[in-house]
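# Per-entry structural report
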Amino acid sequence: MMPKPPIHRIRGNVEVHYEWTYGRYASEFFRNLKQGRFVASRCKKCGKLLVPPEAVCGVCFADTEEKLIPVPDTGEVITFTKINFSYPGQIIPPPYAVGIIKLDGVNTRFNHLIKAKDLAKIECGTRVKAKWRKEDEREGSFFDIEYFELMEDKE
Amino acid sequence: MRKVAVVAGTQSGYERKNRSESTPELIYRVTKQVLKNAGITRDEIDTVVVGSCDVMDGISISNVYAVASSAAFLKDESKVEEDASFAAFYAWLRILSGAFDTALVVAWGKGSETEMPLYTGLIFDPLYQRPFGLEAVSGFALQAKAYMEKYGVNEEDAARVVVKNRKNARLNPYAQVRKECSVEEVLASEPLATPLKKLDTPPISDGACAVILAEEHRARELCENPVWIKGAGSAVDSYHLGYRDLTELKACALAAQKAYEMAGIKNPKKEIDVAEVSENFSFQEMMLYEALGFCDRGRGPDLIRKGTTEMNGALPVNPSGGALCANPTPATGLIRLAEAALQLSGQAGERQVKNAKTALVYGTSGLCFQSNMVFVLDRD
Amino acid sequence: MAEDQFVSLKGKIEVPYEWTAGEAPGKFLTALRDEKKIIGARCSGCGKVYVPPQESCGTCFDAKVEYVEVKDRGELVSFTIVHKPLVLVPRPLPAPFALALIKLDSADTAMIHYLGEVDIEKIRCGMRVQAVWKDEREGSVLDILYFKPEGDVA
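To keep things clear, this report deals only with the structure shown in the data block. (Residues numbered from 1 in each chain as written. Chains lettered and ligands numbered in written order. Predicted model: local features only at pLDDT ≥ 70, side-chain atom pairs only at ≥ 80, totals over all residues.)

### So, the interface of chain B and chain A
Worth spelling out the cut-off: Whether two residues are in contact is decided by their C-beta atoms, placed from the backbone, lying within 7 Å. Going along the chain from the N terminus, every DSSP run of H or I of four or more residues is numbered as a helix, and every run of E of two or more is numbered as a strand. All residues other than Ala, Val, Leu, Ile, Met, Phe, Trp, Tyr, Cys, Pro, Asp, Glu, Lys and Arg, Gly among them, are scored as polar; the first ten of these are nonpolar and the last four charged.
Contacts between the two partners involve 22 residues from chain B, matched on the other side by 18 residues from chain A. Secondary-structure elements contributing two or more residues to the side of chain B that touches chain A are α1 (23-38) and α4 (116-121) of chain B. Of the residues in the side of chain B that touches chain A, the class split is 11 nonpolar, 5 polar and 6 charged.

Below, the structure is given as structure tokens:
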């Protein structure tokens, strides 16, 4: 029988489980997403809006208002990239675009998927709108918005 | 060498499950509070050092997530991924360098959000130790057994440590476990890994702690009773449990020696008025008495039997209740520092040790006191 | 009242690894698998024999190590009876089981392993134990099933 080669590499994996507390602001945010709308928190000092909402405005290090403010589900693409390759844990198969979206009137931005009839039409500054899932399909997650679509595609 | 003081501190209060605050909200609360306690704004903080643990938080580089909450936006900021007594050490060194005059140190841990044994299990290397499913309790149990064997220490002695710390915690509004217990209850509690039973072990905790350090001139401007860092020392031992004599705590003794030398302490038993130590487990507190020089080797149980380390004893240890009463890893060591500072500035309320002038602070990382951090604090 | 779903988010992190064993673990694990032998590292500076082996001695740092065979029997340094396993891994024995630090003959350090074929009430520090090897071995510390009391002592 062939002798086995000496051991040089060992495979293993590390698995840890979590249960992250939302806190009041994230709680409200996801509850509102389930209802089909975005809410923001407003800094008591500079008045700017934060989505996702946070308890603190990092720039001012000041409290944000307790009451969250509904904001439009339209905005613009700040930056984006087109994904052409596959990797484990991918949400949808390539090709697709993912970008940083700034909702109208809101100061902070977040990531989401961008869908377009022609991916080449996506540019920095392109106007987009959230495509919401049907009410009974929404769960209280970022993916209650299926993707952001180009406003021009809707017309 | 510059003189550096603790000028303010705060603690969040500790509980088994904080489901009302996200980690960033918890950090924000203590950071706001400590700045308020110091009477300064975040503009007057030159550097931020956080103490947190990526695996606990479930975020690689757990501090980058906390920038807004820890008042670190656009500031000089870094993290120490170890017990947060090391975060305080690092902040102290930054001020000593002369590059900074004030430092904010903030540490947090939410044990309820992960599975603590999975986390402590990962401290063990994948090849030689992790296959056995070792974690903190079984690791410290091997050490406790070796200690019992070497010096004839028994489980009653260890139970007395638990009784003492829980009694002390009743007077500490921040503590998590505030219910007194008897020696019998400790001995009858669920065996986990002999000789450690449930009540010999620390709780799983959520909480955060923050302190502000400042160099001398600023410290005197900011507070009436600055608590000076008089001495500091750290040392780390071998990694594999079997490579060390687990009863010797060599690196702990070395760290203490360095801190005592810097602080000019020749006889710790006489010169230390109060000690806050991260004992973690019951037996281990007695081992620390020995390694920190409060008594001879093997004589730790004498101190607990005679009541020397009780609140009204000659050298009270853990008036806060220690890690046995609240253990939001990795904030534990910073909490010891915050508590010692309260003692020396006369702000420890019902758990105040009278006329405390010199305090010993001990923090640790890794298994069985592999990594050790000792501070000696005093006041004018 | 229905439980609020927006209190916490459950999740897990699973990261695969492929660690380079390194010279000392490589030799140690290969010898377990192929030769049913336990390898230690002797420091050429101070003569200390490390089991399990590592490539450098903490005290001497610069000195080279040479790899030596150590006996698969030795003395119990410390142990714990685990009644409530907190980490679930494949184990040769059900709880309550004994985890031990064993100092093999001619080694200067102790290694972790299980104790088996023993009455847990009768385990004592200083007891002599010997390895029980698996027939099918893969190059892991678990190629030794556990250590049992040496000779007839039960």
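### Considerations on the packing of helix α3 (residues 85-96) of chain B against helix α13 (residues 332-344) of chain B
All names here are of chain B. Put simply, the rule reads: Think of each axis as a best-fit line through the C-alpha atoms, taken over the contacting stretch in the case of a helix, with angles from 0 to 180 degrees between the N-to-C directions. Working rule for angles: under 35 degrees goes down as roughly parallel, over 145 as roughly antiparallel, 65 to 115 as roughly perpendicular, anything else as oblique.
Packing of α3 against α13 leaves a shortest axis separation of 6 Å and a crossing angle of 65°. By the angle between their directions, the pair α3 and α13 is classed as roughly perpendicular. Between α3 and α13, the residues in contact are S85, A87 and A88 and G333, L334, R336 and L337, respectively. When the residues that make up the contact of α3 with α13 are grouped by side-chain class, the tally is 4 nonpolar, 2 polar and 1 charged.

### Overview of the nonpolar core
Among soluble globular proteins, nonpolar side chains are generally buried collectively. Residue and element names in this part refer to chain B. Formally: For our purposes the nonpolar core covers buried Ala, Val, Leu, Ile, Met, Phe, Trp, Tyr and Cys residues that link as a set through C-beta atoms within 7 Å. Partly exposed residues are those falling between the two cut-offs: more than 12 but fewer than 20 other C-beta atoms within 10 Å of their own, whereas 20 or more means buried and 12 or fewer means exposed, with C-beta atoms placed from the backbone.
In terms of nonpolar packing, the biggest core is built from 207 residues, with A87, V105, A107, V211, L213 and L334 touching the most fellow members. The dominant element in this core, judged by the number of residues it contributes, is helix α5 (residues 136-151), at 9 residues. If we ignore the near neighbours within four places in the chain, the residues touching A107 are V50, G51, S52, A84, A87, A208, C209, P330, A331 and L334.

### Things to note about helix α11 (residues 282-291) of chain B
Residue and element names in this part refer to chain B. Burial of α11 is extensive: 10 of the 10 residues sit out of reach of the surface. Taken together, the buried positions of α11 are S282, F283, Q284, E285, M286, M287, L288, Y289, E290 and A291. Residues of α11 that are buried sit in contact with α5, α6 (155-169), α9 (250-263), β9 (274-277), α12 (300-306) and β10 (358-365). Looking one or two residues past α11, G293 carries a phi angle of roughly 85°, positive in sign.

### Digging into the packing of α6 of chain B against α11 of chain B
Residue and element names in this part refer to chain B. The contact between α6 and α11 brings their axes to 7 Å, and the two run at 95°. Relative to α11, the element α6 is oriented roughly perpendicular. Across from D157, A158, A159, V161 and V162 in α6, the residues of α11 making contact are S282, F283, E285 and M286. Here the residues of the contact of α6 with α11 sort into 6 nonpolar, 1 polar and 2 charged.

### Section: the sheet that holds strand β7 (residues 206-215) of chain B
Residues and elements named next belong to chain B. Note the following rule: Any two strands are treated as partners once DSSP identifies two or more bridges connecting them.
Across the sheet, 9 strands lie side by side as β3-β2-β4-β7-β1-β8-β11-β10-β9; this open sheet has mixed pairing. Strands with a single pairing partner mark the edges of an open sheet, and in this sheet they are β3 (76-80) and β9. Recorded for the sheet is a direction-independent mean angle of 25° between the axes of neighbouring strands. Bridge count between β9 and β10: 4 bridges; the pairing is parallel. For E276, the partnering residue across the bridge sits in β10 and is V361. Against the sheet, α9 touches β8 (227-236) and β11 (371-379), its axis set at about 150° to β8. Packing against the sheet, α13 makes contact with β1 (4-11), β2 (47-51), β4 (102-110), β7, β8, β9, β10 and β11, and its axis sits at approximately 175° to β10.

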